[in-house]
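Each chain, letter by letter, is given below.
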Amino acid sequence: MSKNLPAQRELTLPRYDGRRSLRDDMDIMALPFFASEKGPAIRYMRAQINTAKDSAWVEIKGNDDGIATMWDKRVLIHIRTMIDEAIRRGETPKATVTFAPYDFFKAIGSGTGQTEYRNFEKSLDRLQGTTVKSSIDTEEVRGRHGRSWIQSYDFVESKTTRGTRRSGVRVTLSDWLFSKWMEEGKTLAVPPQYFKIRSGIEMRIYEICRKFVGNQDFPIRMNLALFHERLNASRGRTLDVKYAIGRIAKKGGILGYGIEVEEHRKRTRSDRVMVRMWKIKSAPRARLID
């Protein structure tokens, strides 16, 4: 959708200069908020985490276009990073932001052709059409009410000698997401190579390693059933998750992290099979994570 909108209170995001890593939200990295498959469209997903140290859940619903995917999430990562950059410059954050899609493409290292612009608009549609319910609340927004990632979006048009063209996009974040970003400020740096990963499952595996291992000097162990639930709400076969981990192990890790499924007997229950994750060149001892 495209409109010439009247002036309103908003924040024009600074350009990404490439000198800082894009940053992702720690809580959102811990749970499967986004579909890890591009198609067919997934319209519902729920994950429930119950351990001795943690209790959390997330429920995601989508429309005919499906729920927002890992590739759509990149738009939010860009917006979050640039809002933080604007705050660092002394600007006042606002839930409505304006930026050039071209700047987003350059930030994630993608092309800038018509295909990218069409996919960008589809991402905005899914982000707006996805309903999120979660145990992750904020001081301002609480309860089990559904929230979208973004409340609305419009392309900003400008007139040129050749006619009208789109010069930017205006996005209004949901109250819940904006409140969360302003309240917590908990982010982790994401390397540029993350945006080159073509597999949504591998993107999620990296995020789990990044969230739970981070910069610690010792490996982390998590049982496979819990890992699968955090990965994609236990969608698909546990065996496929093991295969995905095996592929990464054969490549020597993923973006600075090693991961493997520890040896176990055949037919061992997935909650007794352990996944080991570590920062490459870390110490040999391991800590169990619930």
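Up top is the structure these notes are about.
Notes on the structure follow. Please read all numbers here as calculations on a predicted model, not as lab measurements.

**Here's the deal with the nonpolar core**
Nonpolar side chains in soluble globular proteins tend to be buried together.
Item 1. In terms of nonpolar packing, the biggest core is built from 78 residues, with Phe33, Ile79, Trp149, Val171, Phe227 and Met277 touching the most fellow members.
Item 2. At nine residues, the largest contribution of residues to this core is made by helix α2 (residues 70–88).
Item 3. Aside from chain neighbours lying at most four places away, what touches Met277 is Ile208, Cys209, Val213, Pro219, Ile220, Met222, Phe227, Gly258 and Ile259.

**Some words on the packing of aromatic side chains**
Geometry of an aromatic ring pair is reported as the spacing of the ring centres plus the angle between the planes.
Item 1. Summed over the entire model, instances satisfying the criterion amount to 13 aromatic pairs.
Item 2. Note on Phe99 and Phe120: the rings are 6.2 Å apart at their centroids and 85° apart in plane angle, and the pair reads as edge-to-face. One end of the pair, Phe99, is in strand β6 (residues 96–99); the other, Phe120, is in helix α4 (residues 114–129), and 21 residues separate them in sequence. Taken as a pair, Phe99 and Phe120 share a single burial class, namely buried.
Item 3. Counting every residue linked through ring pairs, the aromatic cluster contains Phe99, Phe104, Phe105, Tyr117, Phe120, Tyr153 and Phe155.
Item 4. Directly above the aromatic system of Trp71 lies the positively charged group of Lys38, at a separation of 4.6 Å from the ring centroid.
Item 5. Against the face of Phe212 rests Lys211, its NZ or CZ located 4.7 Å from the ring centre.

**Side note on the packing of helix α6 (residues 200–212) against helix α8 (residues 238–250)**
Item 1. Closest axis-to-axis distance for the α6/α8 pair is 11 Å, and the angle between their directions is 75°. In terms of orientation, α6 lies roughly perpendicular with respect to α8. Residues Ile201, Glu202 and Ile205 of α6 form the contact with α8, whose own contacting residues are Ala244, Ile245, Arg247 and Ile248.
Item 2. Within the contact of α6 with α8, the residues separate by chemical class into five nonpolar, no polar and two charged.

**Considering the sheet that holds strand β5 (residues 55–61)**
To summarise the sheet geometry, strands pair through backbone hydrogen bonds and adopt either a parallel or an antiparallel arrangement.
Item 1. With antiparallel pairing, the three strands of this open sheet are ordered in space as β4-β5-β7. Since the sheet does not close on itself, it has two edges, and those belong to β4 (44–50) and β7 (131–134), each with one partner. Sheet twist, expressed as the mean angle between neighbouring strand axes with direction ignored, is 10°.
Item 2. Of the strand pairs in this sheet, β4 and β5 are connected by seven bridges, and their pairing is antiparallel. Paired with Gln48 across the strands is Trp57, a residue of β5.

**Re the pattern of salt bridges**
Item 1. Overall, the coordinates contain 22 salt bridges when judged by the stated rule.
Item 2. The closest approach of N and O atoms between Asp27 and Lys180, which form a salt bridge, is 3.3 Å. Here the residue Asp27 occupies a position in helix α1 (residues 26–30), and Lys180 occupies one in helix α5 (residues 175–184), the gap between them amounting to 153 residues.
Item 3. Residue Lys180 is classed as buried on the basis of its relative accessible area of 0%.
Item 4. Notably, a salt bridge pairs Arg88 with Glu85, separated by 2.7 Å at the nearest N-O pair.

**Some details on the packing of α2 against α6**
Each pair of packed helices gets described by two things: the angle between the helix axes and the distance between those axes.
Item 1. Put simply, α2 and α6 touch, their axes get as near as 10 Å, and they point 50° apart. Classified by the interaxial angle, the pair formed by α2 and α6 is oblique. Residue-level inspection shows Met70, Trp71 and Lys73 of α2 in contact with α6, the latter providing Gly200, Met203, Arg204 and Glu207.

**Focus on α8**
Item 1. Counted at 1.5 Å a residue, the expected span for α8 with its 13 residues is 18 Å, and the 19 Å between its end C-alpha atoms agrees.
Item 2. Lining the buried residues of α8 we find α6, α7 (224–232), β12 (257–261) and β13 (274–279).
Item 3. At the C-terminal side of α8, Gly252 shows a positive phi close to 90°.

**Topic: the environment of Trp176**
Item 1. Relative to the elements of secondary structure, Trp176 occurs in helix α5.
Item 2. Between the C-alpha atom of Trp176 and that of Arg147, which follows or precedes it by 29 residues, the distance is 6.9 Å.

**So, α7**
Along an α-helix, residues three or four apart share an orientation, since each turn contains 3.6 residues.
Item 1. Within α7, eight of the nine residues are buried, which leaves the element mostly enclosed by the surrounding structure.
Item 2. Along α7, the residues that are buried comprise Leu224, Leu226, Phe227, His228, Glu229, Arg230, Leu231 and Asn232.
Item 3. Where α7 begins, the capping side chain belongs to Asn223, and its oxygen is found 3.1 Å from the backbone nitrogen of Ala225.
Item 4. Of the residues trailing α7, Ala233 is marked for its positive phi of about 60°.

**Here we look at the environment of Ser179**
Item 1. When you line up the elements, Ser179 lands in helix α5.
Item 2. Since its relative accessible area comes to 9%, Ser179 is described here as buried.
Item 3. Remark: the alpha-carbon pair of Ser179 and Ala95, spanning 84 residues in sequence, is separated by 8.7 Å.

**Observations concerning the environment of Glu229**
Item 1. Tracing the chain through its elements places Glu229 in helix α7.
Item 2. The exposure class of Glu229 is buried, given its relative accessible area of 15%.
Item 3. Residues Glu229 and Pro32, spaced 197 residues apart in sequence, show a C-alpha to C-alpha distance of 7.9 Å.
Item 4. Residues within four places of Glu229 in sequence aside, it is in contact with Pro32, Arg46, Ala47, Gln48, Ile49 and Ser234.

What counts and what doesn't
- Residues numbered from 1 in each chain as written.
- Predicted model: local features only at pLDDT ≥ 70, side-chain atom pairs only at ≥ 80, totals over all residues.
- Heavy atoms only, no water.
- Core = buried A, V, L, I, M, F, W, Y, C linked by side-chain atoms within 4.5 Å.
- Buried < 20%, exposed > 50% of the residue type's maximum accessible area, 1.4 Å probe, protein only.
- Helix = DSSP H or I, 4+ residues; strand = E, 2+ residues; numbered from the N terminus.
- Contact = heavy atoms within 4.5 Å.
- Phe/Tyr/Trp six-rings, centres within 6.5 Å; stacked < 30°, edge-to-face > 60°.
- Lys NZ or Arg CZ within 6 Å of the ring centre and 35° of its normal.
- Axes fitted to C-alpha atoms, helices over the stretch in contact; angles between N-to-C directions.
- Parallel < 35°, antiparallel > 145°, perpendicular 65-115°, else oblique.
- Nonpolar A, V, L, I, M, F, W, Y, C, P; charged D, E, K, R; others polar.
- Pairing = 2+ DSSP bridges.
- Salt bridge = Lys/Arg side-chain N within 4 Å of Asp/Glu carboxyl O.
- Expected span 1.5 Å × (residues − 1).
- Polar contact = N/O pair within 3.5 Å; in protein donor to acceptor, adjacent residues only side chain to side chain.

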